[in-house]
Amino acid sequence: GRGRGKGGRGGGRWGGRFDRAKNDYAQHFVDTGLRPANFIRDSDVEERFQEYPKLKELVDLKDALIAERATPPACRQVDLRTFDL
C-alpha cells in the first residue's frame, strides 16, 4: 500500500518497479565523465526515420525547401584588431 517509505517493499513514487530500471545518467557522468547527451537514441539523421517512410519524405522535402530558400550568411568573421575598416 501507500506510505511505506524507503525501507518498505515497492517504495518510491511509482511503486518500486520503475525505480530499479531507471537510468541514473547523473551518477554515470560522475563515474565515467561521459555526458548524458552521448546516449540519445536514434541520433543518426540517415537512420532516424527509416521505419517511417512518409515522415522521412516530409523531412527530405523540408530539407530541400530550406536549401532552396535559405540565404547565405551576411556576416564575416575577422579579427577587428587587424581588419582594415
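Quantities reported herein were computed from a predicted structural model and do not represent experimental measurements.

Participant: Which residues make up the overall build of the chain, and what are the values?
Facilitator: Scanning the chain from N- to C-terminus turns up four helices and zero strands. Ordering the α and β elements of the chain from the N terminus gives α-α-α-α. Only carbon and sulfur atoms are counted for the fraction: they give 52% of the accessible area of the chain, which is about 9,000 Å².

Participant: Lay out the pattern of salt bridges with the relevant residues and their values.
Facilitator: Opposite charge on two side chains lets them pair, provided their charged atoms get close. Tallied over the entire structure, the rule returns one salt bridge. For the salt bridge of lysine 56 with aspartate 60, the shortest nitrogen-to-oxygen distance reads 3.4 Å. Pair noted here: lysine 56 and aspartate 60 are both in helix H4 (residues 53-69), with a separation of four residues, about one helical turn. Of the residues examined, lysine 56 reaches a relative accessible area of 32% and is grouped as partly exposed.

Participant: Please give an account of H4 that cites residues and values.
Facilitator: Between its terminal C-alpha atoms H4 stretches 24 Å, which fits the 24 Å expected from 17 residues at 1.5 Å a residue. Across the 17 residues that make up H4, only a small minority, zero, are buried.

Participant: Describe the environment of glutamate 46, and please don't skip the residues or the numbers.
Facilitator: By the element assignment, glutamate 46 lies in helix H3 (residues 45-48). Here glutamate 46 falls in the exposed class, since its relative accessible area comes to 61%. The sequence separation of glutamate 46 and lysine 56 amounts to ten residues, and the corresponding C-alpha distance is 9.3 Å.

Participant: Describe the environment of arginine 35, and please don't skip the residues or the numbers.
Facilitator: By the element assignment, arginine 35 lies in the loop between helix H2 (25-32) and H3. Along the backbone, arginine 35 and tyrosine 25 are ten residues apart, and their C-alpha atoms lie at a distance of 7.9 Å.

Participant: Break down the confidence of the model for the chain for me, citing the residues and quoting the values.
Facilitator: Looking at the chain, the pLDDT average stands at 75 and 66% of residues meet or exceed 70. When the elements of the chain are averaged for pLDDT, helix H1 (residues 17-21) gives the smallest value, 52, and H4 the largest, 91.

Definitions and cut-offs
Just so you know, the residues in each chain are numbered from 1, in the order the chain's sequence is written. Reporting of local features is limited, given that this is a predicted model, to residues whose pLDDT is at least 70; pairs of side-chain atoms are given and counted only at 80 or more, and all residues count toward the totals for whole chains, interfaces and linings. To get the side-chain values, all heavy atoms of the structure are used, and hydrogens and water are removed first. Starting at the N terminus, helices and strands are each numbered in turn, a helix being any DSSP run of H or I of at least four residues and a strand any DSSP run of E of at least two. Using a 1.4 Å probe, accessible areas were evaluated by the Shrake-Rupley method; residue-level cover was limited to the displayed protein chains. Take a side-chain nitrogen of Lys or Arg and a carboxyl oxygen of Asp or Glu: if they are within 4 Å of each other, that pair is a salt bridge. Burial here depends on accessible area, computed with a 1.4 Å probe over protein chains only, as a share of the maximum for the residue type. Under 20% is buried, over 50% is exposed, and the range in between is partly exposed. Expected helix span is taken as 1.5 Å per residue step, with the number of steps being one fewer than the number of residues. Predictor confidence is given residue by residue as pLDDT, running from a minimum of 0 to a maximum of 100.

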